[in-house]
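Spelled out, the chains give:
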Amino acid sequence: MEKLETVEIVKEKTEKREIRSFGEFWRFFLSELKPKGNPWTPFNLFSGLIMLLGFIFIIYRFVTGLSPTTNLGQEYPWGIWKGAVVNSGVAFAGGGYTLAFIVYILGMERYRPMLRETVLFAFLAYVFYAGALTIELGRWHLFYNPFIGNKYGVSSVLFIVAWHFMLYMVTLALEFSPAAAEWVGFKRARKVLGAAALGAVVFGVMLSIHHQAGLGAMFTMCKGKLHPLWYSEFMPVLYFISSIYAGPSVMIIVSSITQKLYAHRVDEEYRNAHPGIVLGLAKMCAATIFAYLFLQLILVHHEHDLYLITTPMGFWWLVEVGALAFVPMLLFIHGVQQKNLATINLAAVLALAGVLLNRLNNVFIAYNWYLPLSLKYYPTWQEVIILLTIIFIDVWVFRWIINRMHVLSKPPEWARMEKH
Amino acid sequence: MNRRTFLKVMGSAVAGATCGSLIRPAASGAQGVFDANEFFGILIDTTRCIGCRLCEKACAEVNYLPNPDISEKANQAVFKTKRDTSVIEYTVTNLYETEKGKVFVPWRCMHCNQPACHSACIVYALEKRETGHVTWDKRCIGCRLCMMSCPFQIPKHTFQEPAAVIQKCNLCYGRFLQGIVPGCVEACPTEALMFGTRRKLLEEGKRRIAQNPGRYINHIYGEFEIGGTSTMYLSAVPFDQIGLRTDLGLKHYPEYSMVYLSAIPFIAGLTPIAMLGIAHVIRMAKKDAKEEHHDHHEEKEKH
Ligand code: SF4
Ligand code: SF4
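Position labels on residues start from 1 in each chain and follow its written sequence. Chains and ligands are labelled by the order in which they are written, letters from A for the one and numbers from 1 for the other. The predicted nature of this model means local features are confined to residues of pLDDT at least 70 and side-chain atom pairs, given and counted, to a pLDDT of 80 or more, with totals for whole chains, interfaces and linings taken over all residues. Side-chain calculation: all heavy atoms of the structure are included, whereas hydrogens and water are not.

**Student:** Help me understand the overall build of chain B in this model?
**Tutor:** On a plain count of helices and strands, chain B comes out with ten helices and nine strands. Counting over 303 residues, chain B shows a buried share of 53%. A separation threshold of at least 6 residues defines the contact pool for chain B, and within that pool the share at least 24 residues apart is 60%. Each accessible area is a Shrake-Rupley estimate made with a 1.4 Å probe; only the visible protein chains count as cover when residues are assessed. When the accessible surface of chain B is split by element, carbon and sulfur atoms take 58% of a total near 14,300 Å². Going along the chain from the N terminus, every DSSP run of H or I of four or more residues is numbered as a helix, and every run of E of two or more is numbered as a strand. A simple rule labels every residue: compare its accessible area, found with a 1.4 Å probe on the protein chains alone, to the largest value its type can have, and call it buried under 20%, exposed over 50%, or partly exposed in between. Only heavy atoms enter the contact rule, under which two residues are in contact if any of them lie within 4.5 Å.

**Student:** How should I be thinking about the site of ligand 1 in this particular structure?
**Tutor:** If even one non-hydrogen atom of a residue comes within 4 Å of a molecule or strand, that residue is called near it. Taken together, 13 residues surround ligand 1, and among them Cys109(B), Met110(B), Cys112(B), Cys117(B) and Cys150(B) come closest. Of the residues belonging to the shell around ligand 1, the class tally is eleven nonpolar, one polar and one charged. Here the term charged refers only to Asp, Glu, Lys and Arg, the term nonpolar to Ala, Val, Leu, Ile, Met, Phe, Trp, Tyr, Cys and Pro, and the term polar to all other amino acids, Gly among them.

**Student:** Help me out: how do you make sense of the interface of chain B and chain A in this one?
**Tutor:** How big an interface is tends to be stated in terms of the accessible area lost upon association of its parts. Across the contact, 64 residues belong to chain B and 67 residues belong to chain A. Note on definitions: buried area is the accessible-area loss of two parts on being combined, 1.4 Å probe, summed for both. Between chain B and chain A the total buried area reaches about 5,500 Å² when both faces are included, carbon and sulfur atoms providing 62% of it. The largest share of the area that chain B buries against chain A comes from Met148(B), Phe159(B) and Tyr260(B), three residues that together contribute 15% of it. A pair is scored as a salt bridge if a Lys or Arg side-chain nitrogen falls within 4 Å of a carboxyl oxygen belonging to Asp or Glu. Connecting chain B to chain A are three salt bridges. For the salt bridge of Glu233(A) with Lys251(B), the shortest nitrogen-to-oxygen distance reads 3.4 Å. Under this definition, polar contacts are N or O atom pairs within 3.5 Å; protein pairs additionally need one hydrogen-donor-capable and one acceptor-capable atom, and for neighbouring residues in sequence, both atoms have to be side-chain atoms. Inspection of the region where chain B meets chain A yields 32 residue pairs in polar contact (both at pLDDT 80 or more). Looking at the side of chain B that touches chain A, the elements with two or more residues in it are α5 (116–120), α6 (145–149), β6 (156–157) and α10 (258–302) of chain B. Ranked by residue count, the leading element in the side of chain B that touches chain A is α10(B), at 15 residues. Residues belonging to the side of chain B that touches chain A are distributed by class as follows: 42 nonpolar, ten polar and twelve charged.

**Student:** Teacher, can you tell me more about the nonpolar core here?
**Tutor:** Put simply, buried Ala, Val, Leu, Ile, Met, Phe, Trp, Tyr and Cys residues joined by side-chain atoms within 4.5 Å make one nonpolar core. Counting residues in hydrophobic clusters, the biggest one holds 203 residues, and the most contacted among them are Phe165(A), Phe219(A), Leu226(A), Phe332(A), Phe152(B) and Tyr233(B). The residue makeup of this core includes at least three contributed by each of domain 1 (3–20 + 259–302) and domain 2 (31–256) of chain B. Leu201(B), Tyr216(B), Ile220(B) and Met232(B) belong to the second largest nonpolar core, which has eight residues in total. Where each domain starts and ends comes from a domain assignment, either automatic or drawn from a database.

**Student:** Looking at this structure, I do not really get the packing of aromatic side chains. What am I missing?
**Tutor:** Two measures describe an aromatic ring pair: the distance that separates the ring centres and the angle between the ring planes. Residue and element names in this part refer to chain A. When two rings of Phe, Tyr or Trp (its six-membered ring) have centres within 6.5 Å they constitute a pair, described as stacked for plane angles under 30 degrees, edge-to-face for angles over 60, and tilted for the intermediate range. This model, assessed by the stated rule, comprises 33 aromatic pairs over all chains. Each ring, one from Trp-78 and one from Phe-219, has its centre 6.1 Å from the other, and the planes form 90 degrees; the classification is edge-to-face. Note that Trp-78 is positioned in the loop between α3 (42–64) and α4 (80–92) and Phe-219 in the loop between α10 (197–217) and α11 (235–261), a separation of 141 residues in sequence. A residue is classified by how much of its surface remains accessible, and Phe-219, at 0% relative accessible area, is buried. Residues Tyr-152 and Trp-163 carry aromatic rings whose centres are separated by 6.3 Å and whose planes lie at 70 degrees to one another, so their mutual orientation is edge-to-face. Residue Tyr-152 is located in the loop between α7 (145–148) and α8 (157–184), and its partner Trp-163 is located in helix α8; the two are separated by eleven residues in the primary sequence. By relative accessible area, which is 17% here, Trp-163 ends up buried. Through pairs of rings, three or more aromatic residues link up here, namely Trp-26, Phe-28, Phe-29, Trp-183 and Trp-400. The criterion is that NZ of a Lys, or CZ of an Arg, lies within 6 Å of the ring centre and within 35 degrees of the ring normal, and then a charge sits over that ring. One cation-aromatic arrangement involves Arg-112 over Tyr-104; the distance from NZ or CZ to the ring centre is 5.1 Å.

What is shown is where atoms sit, not what they do.
Structure representation (structure tokens):
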């Protein structure tokens, strides 16, 4: 009896919020912009300051070109933005397709509570990280050319990646849209969007395989310029496999943080399911890292690069593949056996550091490795500030949304009733 | 038919059938022309080059670049370091100390038969023309994948400009259309540079090698390197001594991204079907399990 009553109340509340016109939506949106809680936390102040600085630098970069703010040059055309934001960021957002695959295709319902959070994270990552690509373009005012068909460079890997970015962003938006529709109270839209989910997931997984691998395929023509230990014609496969464990690793960390910081937004079901989900993901990560290492070893052996292990670059390679892929794998296994979430979190952090290092190596550390030190690229502090700005915007928007929509909890009663 | 060509053929077949033109691999327009083999190019005879840098001066004039100082004194200073082409120098001449003494080597875009830069370009701003010229167009978006991909590190980007451009030798395409030979070729006093169709140049190069066996090593750099190039070199000493990369192999560079590109249509066609299949099987299995469970219950209740 009691339960029924609460359902009624919830229904009433959402019923009242049904929005019919654009004006209503706009007023509602403005009212939601206000921060919840005290905005003057140290983190907010710090990140706000960085973002302010970052915005100035971004405008400055647009006005003056790339060279005053960055260290990019003829020897190293790509730098930390491409390496850390685009190449790593997209791998980190890989949870969007792995989790959708697990829940929708493999039907493992116990992972569902984490799904919305993951899709939201992935969506924002794509919007901001792919957006960051625009800052990085030398002729950013023409960024639309590959989309409007001012020649389609169909044999260009980047062309394929760019289109897949765009399509996948739309797909992720579609996957997340039920949550947005619930928040605003668009009932009819919610119904339609909910029904489109499976199609969107299937399409999304296909797109993800393409562009995750595509990011690696961009380097396939760097033969002779990328150090042989990193270069391989099978880089696309390596990129794809590493995104399978990078995505869930990020979600292990992100969800552990949101569980703590946003406990009031997390519902009973998710809170109880969370440790189990993390263990499951950790198992998956361990298995995938194993596959990744196996492939790495085969490639190094097959391409006769083993003798390079004793050179300085070889040691650096061992740091990446040994300390930041093999060790996290062991830690994942250990954590799963002991059911120790702290160990799993540590493993996830190390694994991510490994993926990040791998991307940076490909973009500039092991690229043109034979050049003398004086010609080498290292990021300027302005580049780092802009990078942090992009990440902080991402965090702010993520926070804003999980504080308002049903991301960490089940959809409201009315939406759930319609679904089945 | 080996496995790779098979995959490629299959790939394009599936692509054509499923995805239309959008993601079809290997559509680099240069392929057909390559077969016709009538690209134009430049043969550089390093045994004839005297390091006068008149070609550099001519190049600057033709392309409206800052005029280089090529006086005797300036040259002495210039040849102390190895220069790379830059946003204001499309061609540079370098001095190499070799086993046969000093050799001057003019250096510029190789105008590859199957250019990595063209195949990497997201909007085909860098284009292999049917005549063999690799040119740049202002539709470029500045992604710089061409710079990452070019094995000779030729495309140069004006990082200091808000609307940056890619700068490189275009084999004087504009002059070619008017029927004039490239500026550098015209300026060269010793005919170290020679312009013509690739076929003619190869013939000429082989003739020189055959007639002066002591003077040249028996190889034309660029005949087969990375699938052939339009800028080709004759030399008296092995090519690694005059700063040309000999470790690049004979396979043309776009081939390297082919593994990925040919897999795309397969993945696009097969994964959705496979996924829907898996989802369906799993759902049916779950349903069966539920029903069985149900049956058990009913049986128990009956007893
Ligand atoms: S040398 Fe480089 S820039 Fe010139 S055609 Fe070949 S790939 Fe393109
Ligand atoms: S920088 Fe310009 S020319 Fe080079 S690949 Fe990108 S779009 Fe093409």
